[in-house]
Amino acid sequence: MRIWLDGALRDADSAQVSVFDHGLTVGDGVFETLKAERGAVFALTRHVERLTRSARGLGLPDPDPDEVRAACAAVVEANPVALGRLRITYTGGVSPLGSDRGDAPPTLVVALGESVRRPDTTAVITVPWVRNERSAIAGLKSTSYAENVVALAAAHRAGASEALFANTVGQLCEGTGSNVFVVLDGELHTPPVSSGCLAGITRALVVEWAGAKETDLPFEALERAEEIFLTSTLRDVQAVTLVDGRAVAGPGPGPVTSEAMRLFEAHSRADLDP
C-alpha cells in the first residue's frame, strides 16, 4: 500500500506520524471518507469543502485544496481497487502533550483501503448515549470518534451494523457513521443539521434527489416509521429492516427506500462530482 503523508507518497511501513501529533494525543483533527470506485472518486469537491469547514470549526488552518486533490489522485492511482474507502486525515500536527497546540504545521494523510459493496438491507440498534447538539464540535467530522467506537461495538454484539443516537432533547439524530431517514405517512424525513447530526454528503444528495424533508423528529419516530434507511459514503442508501430486533415493514427495501436507492444510483453514475 502507498500512502500520502505530508507532501509525498510513501510505502505504508515508512509512513510514520510523530507520537506527539495532536491528532493522536488528543484527537485534534478532522477527516473525510470518500468512495473510490475503479479509479474514480465520488463527490470530491463536496468532501474537500467539508474538510475545510471541519478544520475551521476546530481552529485549524485551512487545508490546501489542491494538495488534497493531488494526494487523493496519487493514492487512488497507486492503489488500484474495484471499490475502496479513501480516507483523508488532517490533524493539528506535532504539539506539546496536552490540549495546547504547537507551532508545527498540520499533518495530512491520505490512505486507501479495499472495501466490498454493502448489502441492500441491515439491522440497527438504539443506544442510551446521546449526541450533544450544543457541543463545540457538533456537526464537525472530528477524529474524536471514541463514543462511536463504543456504540458501534455494542451494535456488533447485538448482530447489527449500526447504532442510532438521540440528541440531548430526545430527538432522532444520527448513527455512528451514517445519517438516518424515516418514512412517516408516506413522506420521507431526515433530522436537520441543528439536531447535532453530521451534514453527510450522501444525506445532502438524497435530500436533493429524493425530495426528503428536514424535520425535527422524536426518537420514538423509529417505532412508528413505515420505512427507515441509512445513508453514508459506502452505504449509499441502505434499507433498515430491524431496529432493536423489531421488524420494520417487509424483509427488503420498501417502496420509498427503493426509489431513493434508484435515484441515488442513477444520479451518482451520471455525475461523479455532483
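Thresholds applied
Residues numbered from 1 in each chain as written. Predicted model: local features only at pLDDT ≥ 70, side-chain atom pairs only at ≥ 80, totals over all residues. Heavy atoms only, no water. Patch = residues over 30% accessible without salt bridge, like charges linked within 9 Å, V, L, I, M, F, W, Y side chains within 5 Å. Areas by Shrake-Rupley, 256 points an atom, 1.4 Å probe, with all protein chains shown as cover. Salt bridge = Lys/Arg side-chain N within 4 Å of Asp/Glu carboxyl O. Helix = DSSP H or I, 4+ residues; strand = E, 2+ residues; numbered from the N terminus. Axes fitted to C-alpha atoms, helices over the stretch in contact; angles between N-to-C directions. Parallel < 35°, antiparallel > 145°, perpendicular 65-115°, else oblique. Left-handed = near helix turned anticlockwise from the far one by under 90°. Contact = heavy atoms within 4.5 Å. Pairing = 2+ DSSP bridges. Phe/Tyr/Trp six-rings, centres within 6.5 Å; stacked < 30°, edge-to-face > 60°. Buried < 20%, exposed > 50% of the residue type's maximum accessible area, 1.4 Å probe, protein only. Lys NZ or Arg CZ within 6 Å of the ring centre and 35° of its normal. Core = buried A, V, L, I, M, F, W, Y, C linked by side-chain atoms within 4.5 Å. Expected span 1.5 Å × (residues − 1).

Details of a nonpolar patch on the surface
At step 1: The grouping of Val-19, Phe-20, Leu-24, Val-94 and Leu-97 at the surface amounts to a nonpolar patch, some 510 Å² of accessible area in total.
At step 2: Inspection of the secondary structure puts Leu-24 in helix H1 (residues 22-25).

Concerning the packing of helix H2 (residues 44-58) against helix H5 (residues 201-210)
At step 1: One way to put it is that H2 packs onto H5 with a least axis distance of 10 Å and a crossing angle of 125 degrees. In terms of orientation, H2 lies oblique with respect to H5. Crossing of H2 over H5 shows right-handed handedness. Where H2 approaches H5, its residues Arg-46, His-47 and Arg-50 are matched on the opposing element by Ile-201, Ala-204, Leu-205 and Glu-208.

Considering the sheet that holds strand E3 (residues 29-37)
At step 1: What the 6 strands build is an open sheet, ordered E2-E1-E6-E5-E3-E4; its pairing is antiparallel. Each end of this open sheet is capped by a strand with a single partner; those strands are strand E2 (8-11) and strand E4 (40-41).
At step 2: Two strands pair when backbone bridges link them, and E3 and strand E5 (residues 83-91) are joined in this way by 9 bridges, in the antiparallel orientation. Looking at E5, one finds that Val-30 is bridged to Tyr-90.

Comments concerning the packing of aromatic side chains
At step 1: Under the counting rule described, the total for this entry stands at 4 aromatic pairs.
At step 2: Taking the centre distance of 6.0 Å and the plane angle of 70 degrees together, the rings of Phe-42 and Phe-264 count as edge-to-face. Residue Phe-42 is found in the loop between E4 and H2, and its partner Phe-264 is found in helix H7 (residues 255-270); the two are separated by 222 residues along the sequence.
At step 3: Of the residues examined, Phe-264 reaches a relative accessible area of 3% and is grouped as buried.
At step 4: A connected cluster of aromatic rings, assembled from ring pairs, spans Phe-42, Trp-209 and Phe-264.
At step 5: A cation sits over an aromatic face here: Lys-35 above Phe-42, 5.6 Å from the ring centre.
At step 6: When the ring centre of Phe-31 is taken as reference, the NZ or CZ atom of Arg-87 above it lies at 3.8 Å.

Quick look at the nonpolar core
At step 1: In this structure, Leu-86, Ile-88 and Val-110 are the most contacted members of the largest nonpolar core, which totals 24 residues.
At step 2: Within the residue set of this core, elements represented by two or more residues are E3, H2, helix H3 (65-78), E5 and strand E6 (107-114).
At step 3: Looking at which element gives the most residues to this core, the answer is H3, with 6 residues.
At step 4: For Ile-88, the residues in contact, after removing those within four places along its chain, are Val-30, Phe-31, Glu-32, Leu-34, Leu-51, Val-68, Cys-72, Leu-108, Val-109 and Val-110.

A closer look at H2
At step 1: For H2, which comprises 15 residues, the first-to-last C-alpha distance of 21 Å matches the rise-based estimate of 21 Å (1.5 Å per residue) to within 8%.
At step 2: Buried residues along H2 sit against E3, E4, H3, E5 and H5.

Some details on the pairing of strand E7 (residues 121-131)
At step 1: One ladder, built from 4 bridges, connects E7 with strand E14 (residues 236-243); its direction is parallel. When the sheet's bridge partners are listed, Thr-122 is paired in E14 with Val-240.
At step 2: Note: E7 against strand E8 (residues 162-167), 5 bridges, orientation parallel. Bridging from a neighbouring strand, Val-124 pairs with Glu-162 of E8.

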